[in-house]
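For reference, the chains in residue letters:
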Amino acid sequence: MERTIVFPEGELHYLHEVKAVKNINIRIRPDMTVRVSSNPQTEISEVEKVLTEKRACIRSALDRYAEMKKYAARGHEYVSGECFRLLGRDLRLKVALGKKNSVDSDGLYLFLTVKVNNEELKKRLIDRWYERACEREIGGICRDTYRFFEKYGVEFPQIRFRTMISRWGSCQAKRKILTFNRRLIEMPKICIEYVVLHEFVHFLQADHSARFYTRMTAFMPDWRERARLLEKEGVFGIDV
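Residues numbered from 1 in each chain as written. Predicted model: local features only at pLDDT ≥ 70, side-chain atom pairs only at ≥ 80, totals over all residues. Heavy atoms only, no water.

Moving on, we come to the environment of Pro 40. Along the polypeptide, Pro 40 turns up in the loop between strand E4 (34-38) and helix H1 (44-53). On the accessibility criterion, Pro 40 (57% relative accessible area) is exposed. When the C-alpha positions of Pro 40 and Glu 120 are compared, they lie 52 Å apart, and in sequence the two are 80 residues distant. Setting aside residues no more than four positions away along its own chain, Pro 40 makes contact with Val 18 and Lys 19. (Helix = DSSP H or I, 4+ residues; strand = E, 2+ residues; numbered from the N terminus. Buried < 20%, exposed > 50% of the residue type's maximum accessible area, 1.4 Å probe, protein only. Contact = heavy atoms within 4.5 Å.)

Structure follows, in structure tokens:
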């Protein structure tokens, strides 16, 4: 249900959902919608009390998304000088004509060699390079993480990568499939490790209950710091 609360500095519009949650949860989406969930026993007055207490954080998150939208990067044109990201590092693109199509990196530059100067070809080559990077880097982190879960009888899952709109990863425990957002490869390695662990823990605990987060802390004591860094680096919703 859409609701409005009036503050001295202005109105706040939010979407309220009643669901089986323990606490009052507030999430700010990149489209600048404010979504609030609470359990059936929680009065709307309690919800709005929490919104009032956290209105500074909510406004800060909304301002951040407004700024990001204002200065949102345009699509790549695949010309020298453009910036691409890998594992939290910026790579400067260098394009050259050559005898074969190839993509390589020395950690500072992304070298793209093409037979013909065609934008669609360049996009396809770089997309394939990112796919291989996902399989190598994220796949490697999955194999390293699996060592902690093998003793619980968890089978090594099928690892997939695809474009995802609003999440970094997902777990289909019954089908033994983990799917990760292709954009995750752009994030710092410690953030990728956090997302991979998060999805693996779902093989032991399906929901996001207190037990889930207890397991997270046991495997990765600093997971909250990593999550905050991912929130800062990424573009998905912010919890306040």
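Further notes follow.
Moving on: the environment of Glu 82. Assignment of secondary structure puts Glu 82 in the loop between helix H2 (55-70) and strand E5 (83-86). With a relative accessible area of 16%, Glu 82 lands in the buried category. Once residues lying within four places of it in the same chain are set aside, the contact partners of Glu 82 are Gly 75, His 76, Glu 77, Leu 91, Arg 92 and Leu 93.

Where helix H3 (residues 119-146) meets helix H4 (residues 189-201), the axes come as close as 10 Å, and the angle between the chain directions of the two elements is 55°. Considering the angle they form, H3 stands oblique to H4. The handedness of the crossing between H3 and H4 comes out as right-handed. Across the interface between the two elements, Ile 138, Ile 141, Cys 142, Thr 145 and Tyr 146 from H3 touch Lys 189, Ile 192, Glu 193, Val 196, Leu 197 and Phe 200 from H4. Residue classes in the contact of H3 with H4 are distributed as 8 nonpolar, 1 polar and 2 charged. (Axes fitted to C-alpha atoms, helices over the stretch in contact; angles between N-to-C directions. Parallel < 35°, antiparallel > 145°, perpendicular 65-115°, else oblique. Left-handed = near helix turned anticlockwise from the far one by under 90°. Nonpolar A, V, L, I, M, F, W, Y, C, P; charged D, E, K, R; others polar.)

Looking now at the nonpolar core. Within the largest apolar cluster, 45 residues are counted, with the highest numbers of intra-cluster contacts made by Ile 138 and Phe 180. Listing elements by their share of this core, those giving two or more residues are E5, strand E6 (89-97), strand E8 (109-114), H3, strand E11 (177-181), H4, helix H5 (210-219) and helix H6 (223-233). Broken down by element, the residue count for this core peaks at 11 residues, all from H3. Not counting the four nearest positions on each side in its chain, Phe 180 is found in contact with Ile 138, Cys 142, Ile 159, Arg 160, Phe 161, Arg 162, Met 164, Trp 168, Gly 169, Val 195, Val 196 and Glu 199. Counting residues in each nonpolar core, the second largest holds 15 residues, with Phe 7, Val 36, Val 50 and Ala 61 among its members. (Core = buried A, V, L, I, M, F, W, Y, C linked by side-chain atoms within 4.5 Å.)

What follows deals with the sheet that holds E6. What the 4 strands build is an open sheet, ordered E5-E6-E8-E7; its pairing is mixed. Only two strands of the sheet have a single partner each, and these edge strands are E5 and strand E7 (102-105). Recorded for the sheet is a direction-independent mean angle of 30° between the axes of neighbouring strands. As paired elements, E6 and E8 share 6 bridges and run parallel to each other. (Pairing = 2+ DSSP bridges.)

Once that is clear, we can look at the pattern of salt bridges. This model, assessed by the stated rule, comprises 9 salt bridges. A salt bridge links Glu 186 to Arg 183; the shortest N-O distance between them is 3.5 Å. Its relative accessible area of 28% is what places Arg 183 among the partly exposed residues. The salt bridge involving Glu 225 is made with Arg 228; its shortest N-O contact spans 3.6 Å. Here Glu 225 pairs with Arg 228, and both are found in helix H6, just 3 residues apart, close to one helical turn. The partly exposed category is assigned to Glu 225, whose relative accessible area is 44%. Sharing partners across several salt bridges, the network here consists of Glu 193, Asp 222 and Arg 226. (Salt bridge = Lys/Arg side-chain N within 4 Å of Asp/Glu carboxyl O.)

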